[in-house]
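# Overview (structure and organization)
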Amino acid sequence: LDYKWTTQIILDIWILLSSKFGNSHTVSSITFILGFLTGTLQNHARKYNFPFDELSFKFSAIRKYRKQEDFYNAAMKGEEKQIDEDLDVPTDGVLVHGLFMDAMKWDDETMKITDSIPGEMNPRLPVMHMEPKRNFTPDPTDYNPPMYKTGALAGQCQ
């Protein structure tokens, strides 16, 4: 059996309780993801004086992986900063990790989704850069994966 996702959750809880954060945020430990996404867009809108409703995210994969186990072990030794030395903080947007795929995997050489390895359950995605862009239209050939959460604001004000 593959316990990557349960290990991820346990380590995410430890990081939240210990208030140790690195350059990349783990998506699975964010309890109110819509608030995180909205806050990222609001910070960008304020920084550049853009209308909030004209912003959306451009997602880019970075050829680096972040395992919570490694961050946890480094933090236990007081070395959490060293683990992020090769992970530059972007000027705009945020870096996130902790996303897993089902029935496919990420190929670092082609920077595309490819067939999964038989027997490999839930391969992890690399660190993703979520960069706010004004009036951004994604390339129609890009794959727009379904996720369990969305940043779309919906509803009616009455």
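Let me sum up the structure you'll find in this document. (Residues numbered from 1 in each chain as written. Predicted model: local features only at pLDDT ≥ 70, side-chain atom pairs only at ≥ 80, totals over all residues. Heavy atoms only, no water.)

### Digging into the sheet that holds strand β2 (residues 55-61)
One open sheet holds the four strands; their spatial order is β1-β3-β6-β2, and the pairing between them is mixed. The open sheet has two free edges, formed respectively by β1 (24-26) and β2, since each of these has just one partner strand. The mean angle between the axes of side-by-side strands here comes to 35 degrees, regardless of whether they run parallel or antiparallel. Direction of pairing for β1 relative to strand β3 (residues 94-97): parallel, over a ladder of three bridges. Looking at β3, one finds that T26 is bridged to H97. Helix α2 (residues 33-48) rests against β1, β2, β3 and β6 (128-134) of the sheet, and its axis sits at about 105 degrees to β2. (Pairing = 2+ DSSP bridges. Helix = DSSP H or I, 4+ residues; strand = E, 2+ residues; numbered from the N terminus. Axes fitted to C-alpha atoms, helices over the stretch in contact; angles between N-to-C directions. Contact = heavy atoms within 4.5 Å.)

### A few points about the packing of aromatic side chains
For any pair of aromatic rings, the description rests on two quantities: the centre-to-centre distance and the angle between the ring planes. A complete count under the given rule lists two aromatic pairs for this structure. Between the aromatic rings of Y48 and F50, the centroid separation amounts to 5.7 Å while the plane-to-plane angle is 20 degrees, which identifies the pairing as stacked. Taken together, a centroid distance of 6.0 Å and an interplanar angle of 40 degrees make the contact between F57 and F59 tilted. (Phe/Tyr/Trp six-rings, centres within 6.5 Å; stacked < 30°, edge-to-face > 60°.)

### Some thoughts on α2
Its 16 residues give α2 an end-to-end C-alpha distance of 23 Å, which sits within 8% of 22 Å, the value for a rise of 1.5 Å per residue. Here α2 has its buried residues at I33, F36, L37, T38, T40, L41, H44 and A45. Turning to α2, the residues buried within the fold contact β1, β2, β3 and β6. Looking one or two residues past α2, N49 carries a phi angle of roughly 55 degrees, positive in sign. (Expected span 1.5 Å × (residues − 1). Buried < 20%, exposed > 50% of the residue type's maximum accessible area, 1.4 Å probe, protein only.)

No statement about biological role is implied by the geometric values presented.
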